[in-house]
Amino acid sequence: MTTPTRILSAVATAASTSGPSGDAAYVHALADGTTAACVVDGIGHSPRIGARAALLAEVGARIGATRGPLHGLLTAAELIADPGPEDCPEEDAVAVAAVLHPSRGDVSVAWTGDCVAWSYDPATGTVTRLTTDQTMGAFLRQVHPGGPPGCAGHHDDWVRVSLARSSVATVREAEATAQLVALLSDGAHGPLGDGQVET
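Residues numbered from 1 in each chain as written. Predicted model: local features only at pLDDT ≥ 70, side-chain atom pairs only at ≥ 80, totals over all residues. Heavy atoms only, no water.

Colleague: Just checking my understanding: could you explain the sheet that holds strand E6 (residues 126–129) for this structure?
Modeller: Hydrogen bonds along the backbone pair up the strands of a sheet, which may run parallel or antiparallel. Across the sheet, three strands lie side by side as E6-E5-E8; this open sheet has antiparallel pairing. Edge positions in the sheet fall to E6 and strand E8 (180–184), since each has one partner strand and no second. The sheet shows a mean angle of 20 degrees between the axes of neighbouring strands, direction not considered. With four bridges connecting them, strand E5 (residues 116–121) and E6 associate as antiparallel partners. Bridged to aspartate 121 within E6 is threonine 126. (Pairing = 2+ DSSP bridges. Helix = DSSP H or I, 4+ residues; strand = E, 2+ residues; numbered from the N terminus. Axes fitted to C-alpha atoms, helices over the stretch in contact; angles between N-to-C directions.)

Right, here's the structure in full:
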């Protein structure tokens, strides 16, 4: 009889500087040790989007654990795909989900928007960013790498893909072998930048 892999998870958050936080996180483990985590960054700072983000994170993690992170995010997307009646404000978010498969020793990641996933391998000391931002700024850097300095930076807050508009074609996926995976909203990785997150 093998000893099950022990998986530790933790969530850290800070108060928003401009109203209630729209960020949420949820971790869900199955009986076989498969563990899923989902971070959702609700667009806006209303109490309503904060509550909705918590629901989306739970759905993303619970469905992700059984069906994979892509299915987790697409199921969460269905919950906010229709804004409802005209007097109901449209709700939207960006998200990242990761699923650890202890029997295989790998991590599957899916994301939409500008939430990010990083992996760390203590054996090699390697820190790797697993995701790419789906923002207009990132797009401009890709298609015009020698463009005017600072031009792309003005568009880093312009999300090109969001959870409410997600599909199989727009949710990105990655896999990694790592002992540590960190999922971050842009409230963390935006101010810090890749260099400080890696450090």
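Colleague: I'm lost on the pattern of salt bridges in this one. Help?
Modeller: Once their charged atoms are close, side chains differing in charge can pair, the charge on each being opposite to the other. Tallied over the entire structure, the rule returns six salt bridges. In this structure, aspartate 106 engages arginine 104 in a salt bridge whose closest nitrogen and oxygen atoms are separated by 3.3 Å. One salt-bridge network, in which partners are shared between bridges, spans Arg48, Arg52 and Glu91. (Salt bridge = Lys/Arg side-chain N within 4 Å of Asp/Glu carboxyl O.)

Colleague: Is there a simple way to think about the nonpolar core in this case?
Modeller: Judged by nonpolar contacts, the single largest core of 24 residues is most densely connected at Cys38, Val40, Leu56, Leu73, Leu163 and Val171. Of all the secondary-structure elements, those providing two or more residues to this core are strand E2 (35–42), helix H1 (47–67), helix H2 (69–80) and strand E3 (93–101). Membership of the second largest hydrophobic core comes to 13 residues, among which are Cys115, Ala117, Leu130 and Leu183. (Core = buried A, V, L, I, M, F, W, Y, C linked by side-chain atoms within 4.5 Å. Buried < 20%, exposed > 50% of the residue type's maximum accessible area, 1.4 Å probe, protein only.)

Colleague: I would appreciate a short explanation of the environment of threonine 132 in the present structure.
Modeller: In this fold, threonine 132 is placed in the loop between E6 and helix H3 (136–143). Distance from threonine 132 to tryptophan 111, taken between C-alpha atoms, is 8.9 Å for residues 21 residues apart in sequence. In this structure, threonine 132 is in contact with Trp111, Gly113 and Arg172, ignoring residues within four places of it in sequence. (Contact = heavy atoms within 4.5 Å.)

Colleague: Explanation requested: the side chain of aspartate 106 in the structure shown.
Modeller: Position of aspartate 106 relative to the elements: it lies in strand E4 (residues 106–112). Overall, aspartate 106 belongs to the buried group, its relative accessible area being 12%. Within the structure, aspartate 106 has its side chain in polar contact with the side chain of arginine 104 (distance 3.3 Å). In this view, aspartate 106 contacts Val99, Leu100, His101, Glu175, Ala176 and Thr177; residues no more than four positions away in its chain are not counted. (Polar contact = N/O pair within 3.5 Å; in protein donor to acceptor, adjacent residues only side chain to side chain.)

Colleague: Sorry if this is basic, but what is going on with the environment of glutamate 173 here?
Modeller: One can find glutamate 173 in strand E7 (residues 172–176). In sequence terms glutamate 173 and tryptophan 111 are 62 residues apart; their C-alpha atoms lie 6.6 Å from each other. With residues near it in sequence (within four places) discarded, glutamate 173 still touches Leu70, Val109, Ala110 and Trp111.

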